[in-house]
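A look at the structure
Residue strings, one per chain:
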Amino acid sequence: MSELKRIGITQRVVYMEQIDERRDALDQRWHDFAGVVGLQLVPIPNNIPDSARYAESMELEGLIFSGGNNIGINGGTYLKDKNLQEHDVALARDRTESNLLKWAMSRNKPLIGVCRGLQFINAFFGGNQSRIDADTHVAKEHMVQSRSAEWEAIYGESFQVNSYHRWGIPVDMVGRSLTITAVFDNHVEAVQHAGYALYGMMWHPERYQKFRNSDINFYKEKLGVL
């Protein structure tokens, strides 16, 4: 049996008001999904001084940016008027993921952003987002359309996905060098970068009761699992 791929995964920041404590948190189902794909997940803390050096020292072979929190970055600018208690924005996480994204590009490592992770990638490359209809996108299932032959080969021409986000990316707000690979209701559902192994999806593969073969195959292919 081949060795598991060591893949770093970022975590949401949660504030526990009762004890004035900030915690990093990760849905346990990510480890279940990773086991099926053939990954060994390495959760990355948000309070280390140099997340890129951490990734290097842990000999990570790729990255996943998980969901949770709102983004606090626009291009290279951090939105310092945002905070965790009022806006669910953890600037420490944005700095962690910014450094990790730069590391992935410099080392030619694959990176997949999920929901908030896609939003972060889009914002990093100068894209924007807007509030969307919660009745359509929060805890819902809907059909999306492939816009890429590469993605269509895995997911099909149209396919159903879960949806848990309150912020969306209109197709005219996508970041530079990002190619839209799936859409729903004139909003971005998936992207990939034109020059780097960077990918993003708005649905959560880890939240299915029975993991889908299409998601498993996508992660195997993009993260280099043999």
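An account of the accompanying structure is given in this report. (Residues numbered from 1 in each chain as written. Predicted model: local features only at pLDDT ≥ 70, side-chain atom pairs only at ≥ 80, totals over all residues. Heavy atoms only, no water.)

Right, let's get into the overall build of the protein chain. For the protein chain, the helix and strand inventory stands at eight helices and 15 strands. Reported as C-alpha extents along the three principal axes, the dimensions of the protein chain are approximately 45 × 45 × 35 Å. Across the 226 residues in the protein chain, those meeting the buried criterion constitute 52%. Contacts spanning at least 24 positions in sequence make up 67% of the contacts within the protein chain whose residues lie at least 6 apart. Per element, the accessible surface of the protein chain, about 10,800 Å² overall, is 45% carbon and sulfur. Taking the 25 positively charged and 28 negatively charged side chains of the protein chain as two groups, their mean positions are separated by 3 Å. (Helix = DSSP H or I, 4+ residues; strand = E, 2+ residues; numbered from the N terminus. Buried < 20%, exposed > 50% of the residue type's maximum accessible area, 1.4 Å probe, protein only. Contact = heavy atoms within 4.5 Å. Areas by Shrake-Rupley, 256 points an atom, 1.4 Å probe, with all protein chains shown as cover. Lys, Arg positive; Asp, Glu negative; His and termini not counted. Charge placed at Lys NZ, Arg CZ, Asp CG, Glu CD.)

Take the nonpolar core next. With 38 residues, the main nonpolar core has Trp30, Ile64 and Tyr219 as its most contacted residues. Apart from residues lying up to four places away in sequence, Trp30 is in contact with Ile9, Leu41, Ile64, Ser66, Val114, Pro205, Glu206 and Tyr219. Within the second largest apolar cluster, 22 residues are counted, among which are Val42, Ile71, Trp103 and Leu111. (Core = buried A, V, L, I, M, F, W, Y, C linked by side-chain atoms within 4.5 Å.)

When their charged atoms lie close together, side chains carrying opposite charge are able to pair. Scanning the model with the defined rule gives 12 salt bridges in all. Across the salt bridge formed by Glu21 and Arg23, the nearest N and O atoms sit 2.5 Å from each other. Looking at Arg23, the relative accessible area reads 38%, which means it is partly exposed. Where Glu56 meets Arg107, a salt bridge forms, and the shortest distance between an N and an O atom there is 3.0 Å. Here Glu56 is found in helix H2 (residues 51-57), whereas its partner Arg107 is found in helix H4 (residues 91-107), with 51 residues between them in sequence. Assessed through its relative accessible area of 38%, Glu56 is described here as partly exposed. On the accessibility criterion, Arg107 (43% relative accessible area) is partly exposed. One network of salt bridges, with partners in common, ties together Arg93, Asp94, Glu97 and Arg116. (Salt bridge = Lys/Arg side-chain N within 4 Å of Asp/Glu carboxyl O.)

Right, let's get into the packing of aromatic side chains. Summed over all chains, the structure comprises 16 aromatic pairs. Summarising the aromatic geometry, the rings of Phe159 and Trp203 are spaced 5.4 Å apart at their centres and angled 75° between planes, so their arrangement reads as edge-to-face. Taken together, the positions of Phe159 in strand S11 (residues 158-164) and Trp203 in the loop between strand S15 (198-201) and helix H8 (213-222) put the pair 44 residues apart, joining distant regions of the chain. We note that Phe159, like Trp203, is buried. In this structure, Arg95 packs its charged tip against the face of Tyr78, placed 5.1 Å from the ring centre. (Phe/Tyr/Trp six-rings, centres within 6.5 Å; stacked < 30°, edge-to-face > 60°. Lys NZ or Arg CZ within 6 Å of the ring centre and 35° of its normal.)

Our focus in this paragraph is the pairing of strand S5 (residues 62-65). Residues of S5 alternate between two faces, with Gly62 and Ile64 on one and Leu63 and Phe65 on the opposite face, all of them buried. Inspection of the sheet shows strand S1 (residues 5-9) paired to S5 by three bridges, in the parallel sense. Considered in S5, the bridge of Ile7 is made with Gly62. Of the strand pairs in this sheet, S5 and strand S8 (residues 111-114) are connected by three bridges, and their pairing is parallel. Note that in S8 the partner of Phe65 across the bridge is Gly113. (Pairing = 2+ DSSP bridges.)

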